[in-house]
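Architecture and fold: a report
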Amino acid sequence: DSGVTQTPKHLITATGQRVTLRCSPRSGDLSVYWYQQSLDQGLQFLIQYYNGEERAKGNILERFSAQQFPDLHSELNLSSLELGDSALYFCASSPPLGDRGYSPLHFGNGTRLTVT
Amino acid sequence: GIQVEQSPPDLILQEGANSTLRCNFSDSVNNLQWFHQNPWGQLINLFYIPSGTKQNGRLSATTVATERYSLLYISSSQTTDSGVYFCAVSTNFGNEKLTFGTGTRLTIIP
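I will try to describe carefully the structure that is included in this document. (Residues numbered from 1 in each chain as written. Chains lettered and ligands numbered in written order. Predicted model: local features only at pLDDT ≥ 70, side-chain atom pairs only at ≥ 80, totals over all residues. Heavy atoms only, no water.)

For the rest of this paragraph, the subject is the sheet that holds strand β8 (residues 74-78) of chain A. Hydrogen bonds between backbone atoms are what pair the strands of a sheet, whose relative direction is either parallel or antiparallel. Residues and elements named next belong to chain A. Sheet architecture is open: four strands sit in the order β1-β3-β8-β7, paired in antiparallel fashion. This sheet does not close on itself; its edge strands, each paired only once, are β1 (5-7) and β7 (64-68). Looking at each pair of strands side by side, their axes are set apart by 15 degrees on average, direction ignored. Strand direction decides the pairing type here: β1 and strand β3 (residues 19-24), joined by three bridges, are antiparallel. (Pairing = 2+ DSSP bridges. Helix = DSSP H or I, 4+ residues; strand = E, 2+ residues; numbered from the N terminus. Axes fitted to C-alpha atoms, helices over the stretch in contact; angles between N-to-C directions.)

Structure below.
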């Protein structure tokens, strides 16, 4: 168990709808990352938050948005869903770099989104 | 952006065999990690290794930063080693914008 919790595990919805995916990072981790894994695109970085602030953006569509709350949990909102948005969405967290100079990334078990 | 290539794409081995997985990257990196995605989809962090060598049980990894490649060694393979192995790199020291390779799918046959 990585300590990163994602809910729900599965989500089935229709095109045009909006969904929210939730993530709780490991205790002590301030950074949260969202990744999308699809058959054609592989694992793609979407967005990173650090202690409530957006830190980095990757290939995230304008229809997608995220936020990190004061308790450090994060939500990824996907709207106007299309068939191509069907994928496994992962949340990951990592501690500050600190004295070790490195910060391993730990993933949750993912949310499998199916858009019909 | 940085390009990451992994080889071979697929590997089928008998239980007990050894294997070497390779990750080539197109630019200097300050962050390189290896992950194992098991058949249930879970992504497990194996190594943080932007340079040098590390070992953890039957697994070890070596990164030659000057030549832009990393190798993951699995010895005495077990069926639980099956899954997809990913290499992920970044020019940053932190984990922002990690770029993942396309992975090596390893199947261990009993």
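There is more to say after this.
Facing the 16 residues of chain B at the interface are 20 residues of chain A. Carbon and sulfur atoms supply 61% of the area buried between chain B and chain A, which totals about 1,500 Å² over both sides. Applying the counting rule to chain B against chain A returns zero salt bridges. At the surface where chain B touches chain A, the tally comes to six residue pairs in polar contact (both at pLDDT 80 or more). Counting only elements with at least two residues in the side of chain B that touches chain A, the list comes to β4 (31-37) and β5 (43-48) of chain B. Of the residues contributing to the side of chain B that touches chain A, the split by class is seven nonpolar, seven polar and two charged. (Contact = heavy atoms within 4.5 Å. Buried area = accessible area lost by both parts, 1.4 Å probe. Salt bridge = Lys/Arg side-chain N within 4 Å of Asp/Glu carboxyl O. Polar contact = N/O pair within 3.5 Å; in protein donor to acceptor, adjacent residues only side chain to side chain. Nonpolar A, V, L, I, M, F, W, Y, C, P; charged D, E, K, R; others polar.)

On to the nonpolar core. Side chains of a nonpolar character, in soluble globular proteins, are inclined to be buried together. Counting 22 residues, the largest nonpolar core has B:W34, B:L72 and B:V89 as its most contacted members. Contributions of two or more residues to this core are made by β2 (10-14), β3 (19-25), β4, β5, β7 (59-64), β8 (69-74), β9 (83-90) and β11 (104-109) of chain B. Of all hydrophobic cores here, the second largest spans 21 residues; its members include A:Y49, A:F64, A:A66 and A:A87. (Core = buried A, V, L, I, M, F, W, Y, C linked by side-chain atoms within 4.5 Å. Buried < 20%, exposed > 50% of the residue type's maximum accessible area, 1.4 Å probe, protein only.)

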